[in-house]
Amino acid sequence: MAIKNQTSVSDFLLLGFSAHPEQQPLLFGLFLGMYLVTMLGNLLIIMAIVSDQHLHTPMYFFLANLSFIDTCFTCTIVPKVLANILTQHHAIIYTGCLVQMYFFMALALLDDFLLAVMAYDRYVAICLPLHYTTIMCPQRCLLLVAASWLCSHLLASSLTLLMSQFSFCASHAIPHFFCDVPPLLKLACSDTQIFQVTMLTEAVLSGMIPLTCVLVSYAHIMHTVLRIPSAGGKHKVFSTCGSHLSVVTLFYATLFLVYFQPSSSYSADTGMVVSVIYTMVTPMLNPFIYSLRNRDMKGALWRLFGWGRCSPQ
């Protein structure tokens, strides 16, 4: 059987929300607003942490990395979505599609690993406070972040390389607003079994292991917190950990809905709705959940704008 070679693919069509033309102005305004809030919030967090010596600690070092990742993650997806809605030109070149898919996967995996690192940091700070400065020394913090970057890019590059070998002899119209893995698999006419086994294996390794790390860390934290006699101390720890757990829950729930299912049962409409949550909503909420509710971060932001004497207590 003759199969059209994948090199004949010149571009794809990102159909996205084009099936609902009457909603285009509303969606453009909504996505643009979320994009601007995400960029402004995360950049402010990075600037505040870099400029304030009081925040040069492991926890805020990881927060700055998370904000940087969320900024890159949003820039990988949203500008193309806005351009497609504004111009009604939905084409994306084949190479551009693979590049977008690569950075999307790499940054999503990096987010996953960093959430686990942040949970471990909170575990050491709360359960082993006397050893915190020794365990979470600058060298170890850099090593944890560097290992997260390396692992995420290696995993993403292996899947992208496999995807680049596929032939796409069916329609090149992607019923999504970016080049995500499940809709691309639906268009492939090559045998995708090796890819799906690889993706499932990587999903288990990069998903279940960090999630287990988060759950184990917070199990120890909860056990330690319940032994704190002070109600104020309990409230402070629960407030910090509750914010982290809410983002972890939102992040993993949306990813499990899309990627931990057979490609045959993938629904384009469900995939788009869920994808909006983890590509736009979650990066927008992270600065508020992690940092803007934090008294130290509020003080750093006030000092950043020269309002140090009026900094909230």
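From a predicted model like this one, the values you see are computed outputs, not experimental measurements. (Residues numbered from 1 in each chain as written. Predicted model: local features only at pLDDT ≥ 70, side-chain atom pairs only at ≥ 80, totals over all residues. Heavy atoms only, no water.)

(A) Up close: empty space enclosed by the protein. Scanning the model with the defined rule gives two cavities of 30 Å³ or more in all. The space that makes up the second largest cavity amounts to roughly 60 Å³. Around the second largest cavity, the lining residues are L14, L15, G16, F17, S18, Q24, V81, N84, I85, H90 and F177. Of all the elements, helix α2 (residues 58–87) adds the most residues to the lining of the second largest cavity, at three residues. (1 Å grid on protein atoms, 1.4 Å probe; cavity = no way out; pocket = protein on both sides within 12 Å on 5 of 7 lines; lining within 4 Å. Points joined across faces, edges and corners; volume = space filled by probe spheres on them. Helix = DSSP H or I, 4+ residues; strand = E, 2+ residues; numbered from the N terminus.)

(B) Highlighting the sheet that holds strand β3 (residues 173–174). The mixed open sheet is built from three strands, whose spatial order is β2-β1-β3. Single-partner strands in this sheet number two, and they are β2 (91–93) and β3. Where helix α3 (residues 94–127) meets the sheet, it contacts β1 (11–14), β2 and β3, and its direction lies at approximately 85° from that of β2. (Pairing = 2+ DSSP bridges. Contact = heavy atoms within 4.5 Å. Axes fitted to C-alpha atoms, helices over the stretch in contact; angles between N-to-C directions.)

(C) A look at unusual backbone geometry. Of note, the phi angle at Q88 is positive, near 60°, even though the residue is not glycine. Within the fold, Q88 resides in the loop between α2 and β2.

(D) Region of the structure containing the UniProt feature "transmembrane region" (unreviewed entry) in the chain. UniProt records the feature "transmembrane region" (unreviewed entry) at residues 26–50, 62–86, 92–120, 141–163, 203–225, 237–260 and 272–292, using the numbering of this structure. Each end of residues 26–50 is marked by a C-alpha atom, and these two atoms are 36 Å apart; helix forms 100% of the span and strand 0%. Regarding residues 141–163, the helix share stands at 100% and the strand share at 0%, and the terminal C-alpha atoms are separated by 33 Å. (UniProt positions renumbered as here; feature names shortened; annotations may be inferred.)

(E) A look at α2. In this model, α2 (30 residues) spans 44 Å end to end at C-alpha, consistent with the 44 Å of a helix rising 1.5 Å per residue. When the local axis directions of α2 are compared, the greatest deviation, roughly 35°, occurs at C75, which is followed within four positions by the proline P79. Of all 30 residues in α2, 21 are buried; the element is thus mostly enclosed. Directly beyond the C-terminal end of α2, a positive phi value near 60° is found at Q88. (Expected span 1.5 Å × (residues − 1). Bend = angle between axes of the 7 residues up to and from the residue. Buried < 20%, exposed > 50% of the residue type's maximum accessible area, 1.4 Å probe, protein only.)

(F) Spotlight on the state of the cysteines. Applying the stated criterion across every chain yields a total of one disulfide. What pairs with C97 in a disulfide is C179, and their sulfur atoms sit 2.0 Å apart. With the S-S dihedral at roughly -120°, the linkage between C97 and C179 falls on the left-handed side. With C97 in helix α3 and C179 in the loop between β3 and α6 (181–187), this residue pair connects regions lying 82 residues apart in the sequence. Take C97 and C179: they sit in the same class, and that class is buried. In this structure C137 is not part of a disulfide, and its nearest cysteine sulfur, from C141, lies 6.7 Å away. (Disulfide = S-S within 2.5 Å.)

(G) Representation of the pairing of β1 in the model. Along β1, the buried face is formed by F12 and L14; none of D11 and L13, which line the opposite face, is buried. Of the pairings in the sheet, the one linking β1 to β2 comprises three bridges and is antiparallel in character. For L13, the partnering residue across the bridge sits in β2 and is A91.

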